[in-house]
There are 2 protein chains.
Amino acid sequence: MDQETSRYCSNALSVWITDAFAGCGVAPDDAAAAAQVIVRTSLRGIDTHGVARVPAYVDQLRAGLTRAQARPRTSGNHGFLHCDGDGALGQLSASTAMRAAIDQAQETAIVAGTVSNSGHMGALGLYALQAAERGLIAFICQRTPPIMALPGATARAIGNNPIAYAFPVPGGVPLVFDMASSKVARGNVLAAVRQKAAAIPAGWAIDPSGQPTTDPLAALAGSMLPMSGHKGVGLAMLVEGLAGSLSGMDYEGPGAAGAMPGGVATASAFLFVINPDHVCGREAFDRHITAWTAHYLAVSGVEARYPGQRQARCEEERLVRGIPMDAELVGQLRQVGSLVGTAFEVERLTRDGASAAG
Amino acid sequence: MDQETSRYCSNALSVWITDAFAGCGVAPDDAAAAAQVIVRTSLRGIDTHGVARVPAYVDQLRAGLTRAQARPRTSGNHGFLHCDGDGALGQLSASTAMRAAIDQAQETAIVAGTVSNSGHMGALGLYALQAAERGLIAFICQRTPPIMALPGATARAIGNNPIAYAFPVPGGVPLVFDMASSKVARGNVLAAVRQKAAAIPAGWAIDPSGQPTTDPLAALAGSMLPMSGHKGVGLAMLVEGLAGSLSGMDYEGPGAAGAMPGGVATASAFLFVINPDHVCGREAFDRHITAWTAHYLAVSGVEARYPGQRQARCEEERLVRGIPMDAELVGQLRQVGSLVGTAFEVERLTRDGASAAG
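Conventions adopted
Residues numbered from 1 in each chain as written. Chains lettered and ligands numbered in written order. Predicted model: local features only at pLDDT ≥ 70, side-chain atom pairs only at ≥ 80, totals over all residues. Heavy atoms only, no water. Phe/Tyr/Trp six-rings, centres within 6.5 Å; stacked < 30°, edge-to-face > 60°. Helix = DSSP H or I, 4+ residues; strand = E, 2+ residues; numbered from the N terminus. Buried < 20%, exposed > 50% of the residue type's maximum accessible area, 1.4 Å probe, protein only. Least-squares fit on C-alpha atoms with pLDDT ≥ 70 in both. Contact = heavy atoms within 4.5 Å. Domains from an automatic or database assignment. Buried area = accessible area lost by both parts, 1.4 Å probe. Salt bridge = Lys/Arg side-chain N within 4 Å of Asp/Glu carboxyl O. Polar contact = N/O pair within 3.5 Å; in protein donor to acceptor, adjacent residues only side chain to side chain.

Asks: Any chance you could explain the packing of aromatic side chains here in plain terms?
Replies: Ring pairs (aromatic) are described by centroid distance and by the angle formed between their planes. Counted under the stated rule, the structure contains 17 aromatic pairs over all chains. Ring centres of A:F139 and A:F272 lie 5.2 Å apart, and the angle between their planes is 15 degrees; on these two criteria the pair is classed as stacked. With a gap of 133 residues between them, A:F139 in strand β5 (residues 137–143) and A:F272 in strand β11 (residues 267–274) connect regions that are remote in the sequence. Taking relative accessible area as the criterion, A:F272 reaches 2% and is therefore assigned buried. Measuring from centroid to centroid gives 5.6 Å for B:Y165 and B:F177, while their planes differ by 40 degrees, and the two rings are tilted. Placement of B:Y165 in strand β6 (residues 163–167) and of B:F177 in strand β7 (residues 175–179) is noted, with a sequence separation of twelve residues between them. B:F177 matches B:Y165 in its accessibility class, with the two residues each being buried. A network of ring pairs unites the aromatic residues A:F80, A:F139, A:F270, A:F272, B:F80, B:F139, B:F270 and B:F272 as a single cluster.

Asks: So what exactly am I meant to see when it comes to the relation of the copies chain A and chain B here?
Replies: The two chain copies are related to each other by a rotation about an axis together with a translation along it. With an RMSD of 0.0 Å, the fit of chain A onto chain B corresponds to turning through 180 degrees and sliding 0.0 Å along the axis. In the structure described here, the two chain copies are related by an operation that fits a two-fold rotation axis. Measuring from the rotation axis to each C-alpha of chain A, the shortest distance belongs to A:S228, at 3.2 Å. Residue by residue, 100% of the interface of chain A is reproduced at the interface of chain B, so both copies engage with the same surface.

Asks: Hey, could you run me through the domain arrangement of chain A in this one?
Replies: Interface size is commonly expressed as the accessible area that is lost once the parts come together. Residue and element names in this part refer to chain A. When its domains are assigned, chain A resolves into domain 1 (5–180 + 232–349) and domain 2 (183–225). On a C-alpha basis, the centroid separation for the pair domain 1 and domain 2 is 26 Å. Taken together, the contacts link ten residues of domain 1 with twelve residues of domain 2. Between domain 1 and domain 2, a total of about 780 Å² is buried, with carbon and sulfur atoms accounting for 49% of that surface. At the surface where domain 1 touches domain 2, the tally comes to zero salt bridges. In this structure, the connection of domain 1 to domain 2 is made through six residue pairs in polar contact (both at pLDDT 80 or more).

Have a look at this one:
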């Protein structure tokens, strides 16, 4: 086993995260629901958005930037629901909204919805997957604060506004796709700064005067560049309009109309769920999606996969062998444990999935 | 005036195109509706998808690949409509579906729909614009035959599946965005071949063995590359699932279940229209979209525009000064005119919008 990395049992991690959130005052059921999303994100290999975020989430709960006692409330009509996150952890508000949409889509062809006053939702593909595992199509996007701009911009113009969707694939794992509109995630610039790297690749970012830069500090002070220039901006604007302008919140900032006071949980989202049974019928849908995914895989080379297949394989493996975490993250989790009064004593696994001594 | 380019009155062009389609057997009202979309596409400066396509559309009508006598039929419930294009010109079936969705969205928050058995729809932004000009949000995407693949693919894996959307912007022109998922349009490769260019830029295409190529002929035989690698493929798959798998048609080819016989009009689409009045209320929507478009423009440099502004300005100018067309296109239109018995005698304009002699 790698000296720096240990593998931890996902169930035990889930129990510990539940306890840690509960230690911050989150109701046990809500804590468990959020923990389940977070751990599954790591199980599927999306390590940047899973357990690694727990220290930040606990900080936000303790600082009141997300509300431990929040009760996300869903209401709606006209095939459109709204979930007021009430300042909750994003995992909770997004799951609540998606579950409501899934329920309503049993009876109807399409259910759309918005989420407001929410903490950051992490990896959006997880919520779309919830729906696809029940035979439904789902799309979800989240508005983020401005972080991105085209060359020439003198301030951050728009968020990198992630998008995710999932489809059920008959006889296969769901197709799940998740992306943001920036060329690369800002985390890459943060990492370069932390590692005191001399340069970042050209094309990632611009400096505060709007000029392209490879200097990590100038990039940090500036804006991330969109993927594919204007196309990336156009996709980010789609999300701004759906997840932002329809959310009932004001644009930007604490104290904005409709927002929680004090800058609490300012994220918002848009989603829709479609039930193929009520559109073209299950058989026609299954036949079409089976045919095009098969064609795509057949012609795309021996290593070809559709989005979601690699994550599903990773989940299968990590359910047995555990979730790998490096010493730095484990140290942070131990610190969280002592802060919230729930010591980080989570079972480690060996490579073959047996419990590791110690 | 440029020796090669003349400007033609858009109203007169519209009348002539109506007559040309009617000369192929299209009912006058339908011919006028299709002509209106096509001419407006050119008015807005999208010259590749406007009047320049009329010769191809007439060829398709005459060959029976689109059906002159088609009657697109819209049906639906559960907030979801379906428009069977019946083999019509894409401009007709897409407009019919969008108009039905706009009508239904007066009463409800979201109306989605699919279009099947349709001719190619041209520039999708035009249909989204129809909705935004009535205060509604619209999204539309069209499935295309496979044309795109990642390096290593030995055949075209998936379409470049265009996406468009539009939002109403209070006090401004609608925000309209339109893109395909390929790095560049295949028309660029066709042009390079036609012009016997020695090379195309790297990153546009792969050859039939899946290797990146700059040889125009190898690119023509191969596949177009997606924008932003896997992200472009992921967006194309979203469209394949929504516009393809929900359409009720079979994947690919004439004779596919649900398709017209003989490979007639195989395009399909997905769309949704949202009425902000029934979601968060008009005032909240207007306030939010006004704020973020203003922020975007304020920080993005002196030349900054949001998508749709340049097209709107072009439309204003061309309504007065006419639509510029080069001698080659005019020659093709004259040929169309003699084929369908409607001579191309369309009023030319001078730069200041007066009728040009001759």
